[in-house]
Amino acid sequence: MRVWRMAATALLLLPGGVLVAAPPATAAPSATATPSATATPSPAAAADQTPPVLVDVTVSPDAVSVSGVDLVPVTVTVHLTDDTGVVEASEMDGGSLPYVGLRLVGTDRTDGAELSLTAGTPQDGTWSATIHVPSTWNGTWEVHRLVATDAAWNRLDVDPPASADTRLEVTGTHRPAVTMRLTPNPLVGDGPLTVAGRFYYEDTGEGIGNQPIFFGTDNLCVEYHSEPNGTTKADGTFSRTYPKGDSYLKCVGITRPSNSRVAPSYIVVTADHPRVKPTVTAKANRTTVTPGTTVTITGEVKPDAGWNIELQQLQGRTWRKVAADLTSGDRGAYRIPITPKTPGTLRYRVVVPSEDPATVGVSEVVTVRVSTPGGEPSPGGGGGGGTVGGGGTGGLPITGPATAPLVAGGGALLIVGAGLMLLARRRRPISTPDGR
């Protein structure tokens with residue numbers, strides 16, 4: 001099965017089947033950060049080996065009520081001190097420090113925000129972020145992580161002690177939800193793919209009509225800032241057809257302002273990968289060859305991405321794998337050399353295997369006839385052997401100690417034939433000049 005191309009992310013399944021995307025930085029900020037304020041530490045900074053000190057964290061207000069698709073601003077404030085000064089730094093994933101993470105109590109669901117200096121100095125200052133809280137945050141949240149670095153690249157990474165100041169109680173009502181289906185299922189080849197579903201309120205089932213929404217594919221679902229590119233109908237339904245389908249992640253959601261430079265934020269979002277049944281073409285550059293001649297089977301797999309493929313040969317009534325651990329190129333093309341060794345009629349096919357029988361891709365049958373010069377191939381569908389890609393054999397050669405009995409039998413037949421010819425000549429009537 002092909003490897004997913006999507007960037008790593010956290011898409012969290014909530015009760016009712018709602019998926020919420022967490023910015024990549026909430027899972028694990030990189031251990032390496034590059035301060036943007038100064039490229040080379042000053043002598044004083046170079047001598048500093050102490051990370052920033054967390055004085056306190058506050059969340060204000062500490063309790064909010066949110067309904068529907070509304071948003072309520074909540075400010076998280078962090079007081080930090082450092083001898084050489086806390087700096088804004090870039091993480092390996094493109095995120096920014098200082099960073100504060102929040103977690104829904106009793107779950108693994110996380111979110112967070114990048115902080116900026118709003119009061120004081122880098123040596124003794126207040127760093128803040130305003131989070132636009134949706135109704136889908138219903139529950140108790142707590143600050144569970146604070147990451148910061150200074151000009152000497154000393155790193156602070158702590159879980160602040162739980163207190164009333166570090167908690168946020170969210171009462172979310174009339175919460176939005178979303179369903180999504182992908183058709184056809186499975187997607188055959190790279191044909192059209194339709195993403196359709198409905199946004200609605202959990203408590204009433206009423207559709208969320210005329211709502212701006214975002215359709216995304218692959219890493220756009222979890223990276224960059226997502227602007228609405230679609231709108232629901234009056235009953236909350238939506239539909240979008242992609243003319244060329246693929247196996248990448250598809251998502252649809254209602255966005256909200258993001259507190260990350262590299263990731264979108266949603267009020268509600270759902271995402272899924274299409275089930276794909278790839279189409280496979282196959283042809284041989286030669287269809288009639290002599291033993292030992294290399295034949296190249298080429299073709300394409302659609303959608304055009306790297307797929308695991310295998311070559312199979314019909315042996316008797318069974319298709320047997322003769323070459324595996326092969327991969328199509330990024331554009332779906334592949335090339336498989338085979339070298340038949342003995343005369344015969346060989347039948348091959350190229351397969352994209354899958355644990356799901358409905359998504360196995362199979363090419364048409366490629367027939368290769370192998371015969372000696374001036375001879376004919378032996379009948380049957382798998383008697384001839386061959387080497388595949390310089391590797392294992394594709395069949396069993398005809399061998400055995402039957403040569404001497406065949407020679408003896410042939411000689412006996414010649415002697416009997418000669419005797420019959422002599423006997424016939426003796427019994428032939430002698431012709432006379434007048435034909436009597």
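Just above, that's the structure.
Below you will find a few notes about this structure. Since this is a predicted model, take the numbers as computed values, not measurements.

## A word on the pattern of salt bridges
The final tally for this structure, using the stated rule, is 11 salt bridges. Its salt-bridge partner being Glu142, residue Arg103 comes within 3.4 Å of it at the nearest N-O pair. Of the two residues, Arg103 sits in strand β10 (residues 99-104) while Glu142 sits in strand β14 (residues 139-150), which places them 39 residues apart along the sequence. We classify Arg103 as partly exposed; its relative accessible area is 26%. We classify Glu142 as buried; its relative accessible area is 13%. Linking Asp356 and Arg275 is a salt bridge whose minimum nitrogen-to-oxygen distance equals 2.5 Å. Here the residue Asp356 occupies a position in the loop between β33 (344-352) and β34 (361-362), and Arg275 occupies one in the loop between β24 (265-272) and β25 (276-277), the gap between them amounting to 81 residues. For Asp356, a relative accessible area of 25% translates into the label partly exposed. One continuous salt-bridge network, built from bridges that share partners, spans Glu88, Glu114 and Arg261.

## Comments concerning the state of the cysteines
Evaluation of the coordinates by the stated rule reveals one disulfide. One disulfide in the model links Cys221 with Cys251; its S-S distance is 2.2 Å. An S-S torsion of about -105° defines the bridge between Cys221 and Cys251 as left-handed. You can see Cys221 sitting in the loop between β20 (212-217) and β21 (230-231) and its partner Cys251 sitting in strand β23 (residues 250-256), a full 30 residues away along the chain.

## Some remarks on the sheet that holds strand β19 (residues 193-201)
Strand order in the open sheet formed by three strands is β17-β19-β22, with antiparallel pairing between adjacent strands. Here the strands that pair on one side only, and so sit at the sheet edges, are β17 (176-183) and β22 (237-242). In this sheet, neighbouring strand axes are inclined to one another by 15° on average, regardless of whether the strands run parallel or antiparallel. In this structure, β17 lies alongside β19, joined through eight bridges in antiparallel fashion. Each residue of the ladder has a partner; that of Pro176, found in β19, is Tyr201.

Parameters at a glance
- Residues numbered from 1 in each chain as written.
- Predicted model: local features only at pLDDT ≥ 70, side-chain atom pairs only at ≥ 80, totals over all residues.
- Heavy atoms only, no water.
- Salt bridge = Lys/Arg side-chain N within 4 Å of Asp/Glu carboxyl O.
- Helix = DSSP H or I, 4+ residues; strand = E, 2+ residues; numbered from the N terminus.
- Buried < 20%, exposed > 50% of the residue type's maximum accessible area, 1.4 Å probe, protein only.
- Disulfide = S-S within 2.5 Å.
- Pairing = 2+ DSSP bridges.
- Axes fitted to C-alpha atoms, helices over the stretch in contact; angles between N-to-C directions.

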